[in-house]
Amino acid sequence: QVQLVESGGGLVQPGGSLRLSCAASGFSFTSFAMSWYRQAPGKERELVAAIASAGESTNYADSVKGRFTISRDNAKKSVYLQMNSLKPEDTAVYYCKAVSDYTSATYWGQGTQVTVSS
């Protein structure tokens, strides 16, 4: 069955770093664009970063440009989000999302909590 499993969340102090991972299984990973979303309490889910299926292009929310980097390893069927210079406003549940290049298939992970606090 299709699975997207996020890991790497946790509690970190402001200015610190975390690396999120999302491991995919059950679908053709190389045919899917991947992205990270986040949802803070009381707020709508928002796009953080996205990467094309072959990794040839990326885009970022303005709020994370220069601090976060999205990458993928198609051999490992995984996508990553390196988060540096974290701020309290980055606190949220972070979700991994897969969108097919060819069909309407869309998959979501269960999320991982990131808390930035001193």
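Scoring rules and cut-offs
- Residues numbered from 1 in each chain as written.
- Predicted model: local features only at pLDDT ≥ 70, side-chain atom pairs only at ≥ 80, totals over all residues.
- Heavy atoms only, no water.
- Pairing = 2+ DSSP bridges.
- Helix = DSSP H or I, 4+ residues; strand = E, 2+ residues; numbered from the N terminus.
- Axes fitted to C-alpha atoms, helices over the stretch in contact; angles between N-to-C directions.
- Salt bridge = Lys/Arg side-chain N within 4 Å of Asp/Glu carboxyl O.
- Buried < 20%, exposed > 50% of the residue type's maximum accessible area, 1.4 Å probe, protein only.
- Disulfide = S-S within 2.5 Å.
- Core = buried A, V, L, I, M, F, W, Y, C linked by side-chain atoms within 4.5 Å.
- Contact = heavy atoms within 4.5 Å.

Trainee: Describe the sheet that holds strand S1 (residues 3-7), and please don't skip the residues or the numbers.
Mentor: One open sheet holds the four strands; their spatial order is S1-S3-S8-S7, and the pairing between them is antiparallel. Of all strands in the sheet, those bounded by a partner on one side alone are S1 and strand S7 (68-73). Each strand of the sheet is rotated relative to its neighbour by a mean of 15°, with strand direction disregarded. Note that S1 and strand S3 (residues 18-25) share five bridges and pair antiparallel.

Trainee: How would you summarise the pattern of salt bridges if you had to cite specific residues and measurements?
Mentor: Counted under the stated rule, the structure contains four salt bridges. Residue Asp90 is joined to Arg38 by a salt bridge in which the shortest nitrogen-to-oxygen separation is 2.9 Å. Taken together, the positions of Asp90 in the loop between strand S8 (78-83) and strand S9 (92-100) and Arg38 in strand S4 (residues 32-39) put the pair 52 residues apart, joining distant regions of the chain. Across the salt bridge formed by Arg67 and Asp90, the nearest N and O atoms sit 2.8 Å from each other. Note that Arg67 is positioned in the loop between strand S6 (58-60) and S7 and Asp90 in the loop between S8 and S9, a separation of 23 residues in sequence. Note on Asp90: relative accessible area 0%, which makes it buried. Each member of the salt-bridge network shares a partner with another, and the members are Arg38, Glu46, Arg67 and Asp90.

Trainee: Before we move on, could you go through the state of the cysteines and cite the residues and values that matter?
Mentor: The final tally for this structure, using the stated rule, is one disulfide. Through a disulfide, Cys22 is tied to Cys96; the S-S separation comes to 2.1 Å. Judged by the sign of its S-S torsion, about -80°, the bond between Cys22 and Cys96 is left-handed. Taken together, the residues Cys22 in strand S3 and Cys96 in strand S9 connect sequence positions 74 residues apart.

Trainee: Describe the nonpolar core, and please don't skip the residues or the numbers.
Mentor: Core analysis: the largest hydrophobic core is formed by 29 residues, its most contacted members being Met34, Trp36, Leu81, Met83 and Tyr94. At the level of secondary structure, the elements contributing two or more residues to this core comprise S3, S4, strand S5 (46-51), S7, S8, S9 and strand S11 (112-116). In contact with Leu81, other than residues within four places in its own chain, are Leu18, Arg19, Leu20, Trp36, Val48, Ala49, Phe68, Thr69, Ile70 and Tyr94.

Trainee: Mind laying out unusual backbone geometry, listing which residues take part and the relevant values?
Mentor: If you check the backbone angles, Lys77 has positive phi at about 55° while not being a glycine. Locating Lys77 in the fold gives a position in the loop between S7 and S8. For Lys77, a relative accessible area of 38% gives the class partly exposed. Within the chain, Ser85 stands out as a residue other than glycine whose phi angle is a positive 50°. Its place among the elements puts Ser85 in the loop between S8 and S9.

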